[in-house]
Amino acid sequence: MFSETSQANFEEDSQKQPAIGHWKPLMPSKGNKEETETGCQDAGGVDETQSTEQLNMSRLRSSSVEIREKGSEFLKEELHKAQKELKLKDKECERLSKVREQLEQELEELTASLFEEAHKMVREANTKQAASEKQLREARGKIDMLQAEVTALKTLVITSTPSSPNRELHPQLQSPSKAGFRKGHGRNKSTSSAVVSAASQNVTPEPVSRECKEVDSILFAEFQAWKESPTLDKSSSFLDRIYREDVGPCLDFTKQELSELVRVAVEQNTLTIEPVASQTLPMVKVSAEECGGPNGFRSQIVTKCALSGLPRTCKHRIMLGDSGNYYYISPSCRARITAVCNFFTYIRYIQQGLVRQDVELMYWEVMRLRREMSLAKLGFYPSDM
């Protein structure tokens, strides 16, 4: 821009200068010949100066043109570079916008999936909670029902003892008039039970006597100490005494090895007692290995007790755990095992908090179970064994 302005000023100055040496030549006179030559020389110097100036002007013009061309080329290059950079930036912006849109879409999908998963977890938790509450209600109902049944059974058992039988449970002990009245409204029974009832009615009932009870302070104190933190560990004085005085002697059979296995199964609550096939059992004398070993066939009934080793009519058999081995036992051995199992069942109920009674009532129930074990180890058992 500066070079163009200088050139224009220079041209204007050159146009304002008077034209020198452009005149019509006159014929020189002889007198003026020297002057004419001198003037020609001056005119020649002026022409040379003008040609020099014109040459300089043309050079300036050419240089200004070159400068303009180079400047325009430089500007074009810069413009081209700027356009390229703008295109690159546009592409980068477009790429970043696509990335942002993709991230926003992924974020929305992730948020939706998280909300869906959370709702699903809440629904599953509500379903499980409802099922658990239902199971809890059912379990509580069953516990209440079992407690009512146990209470009723205890009442029946406590009110019916050999020394003081319950006349409602034993109608044969009632007077003939009352017995006849019940007989007319009773249910039909089997022939064998009718024969037993007829035979029992001919027996003269013995006079009923009330038994008296008194709490033993030592036993009661041991039971109270155990009741504070009930456990099945024999380290407590309460269970240690019962093991020594009742459980051990009651499960002490002739076959010591099998007796020890039976005791362990009773303690672990893995003993199974089931009746054998009802049929006439011949009195067969066989070896202890044959009668006490595994027998999975119901057709062949062994009549030698596996625990006592004596020939007896074995109406029941036992299985220890899940071994699948059955051992036939006599009614006396079954009564002894059942008495110990009843005791362990009751103290397990106490340990689990299923028995909600007064401490003294629980103590007397334990004493009753101990008496059953004592009678069983002495050989007394009900006839229906």
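Quick look at a negative patch on the surface now. A contiguous patch of negative charge, built from E66, E69, E73, E77, E78 and E85, is present on the exposed surface. Inspection of the secondary structure assignment puts E78 in helix α2 (residues 33-159). Residue classification places E78 among the partly exposed positions, given a relative accessible area of 35%.

Most of strand β2 (residues 316-320) sits inside the fold, with 5 of its 5 residues counted as buried. Side chains H316, I318 and L320 project from β2 onto one buried face, and the interleaved R317 and M319 project onto a second face that is buried too. As judged from the 5 bridges shared by strand β1 (residues 271-275) and β2, these two strands associate in the antiparallel manner. Within β2, the residue paired with I273 across the bridge is I318. Bridge count for β2 against strand β3 (residues 326-329) is 4 bridges, and the pairing is antiparallel. Each residue of the ladder has a partner; that of I318, found in β3, is Y327. The antiparallel hairpin formed by β2 and β3 contains 5 residues in its connecting segment, where G321 sits at a positive phi of about 70°.

Let us look at the environment of S374. Note on placement: S374 falls in helix α10 (residues 359-377). On the basis of relative accessible area, S374 is assigned to the partly exposed category, the value being 22%. Residues S374 and V340, 34 residues apart in the sequence, show an inter-C-alpha distance of 9.9 Å. At 3.4 Å, the side chain of S374 forms a polar contact with the side chain of D246.

Right, let's get into the pattern of salt bridges. Here the structure, examined in full by the defined rule, presents 13 salt bridges. The partner of R244 in a salt bridge is D240, and the shortest N-O contact between them spans 3.1 Å. Taken together, the residues span about one helical turn, with R244 and D240 both in helix α6 (residues 237-250) at a distance of 4 residues. When salt bridges that share partners are traced, they join E222, R241, E245, D246 and R370 into one network.

Rules of the game
- Residues numbered from 1 in each chain as written.
- Predicted model: local features only at pLDDT ≥ 70, side-chain atom pairs only at ≥ 80, totals over all residues.
- Heavy atoms only, no water.
- Patch = residues over 30% accessible without salt bridge, like charges linked within 9 Å, V, L, I, M, F, W, Y side chains within 5 Å.
- Areas by Shrake-Rupley, 256 points an atom, 1.4 Å probe, with all protein chains shown as cover.
- Salt bridge = Lys/Arg side-chain N within 4 Å of Asp/Glu carboxyl O.
- Lys, Arg positive; Asp, Glu negative; His and termini not counted.
- Charge placed at Lys NZ, Arg CZ, Asp CG, Glu CD.
- Helix = DSSP H or I, 4+ residues; strand = E, 2+ residues; numbered from the N terminus.
- Buried < 20%, exposed > 50% of the residue type's maximum accessible area, 1.4 Å probe, protein only.
- Pairing = 2+ DSSP bridges.
- Polar contact = N/O pair within 3.5 Å; in protein donor to acceptor, adjacent residues only side chain to side chain.

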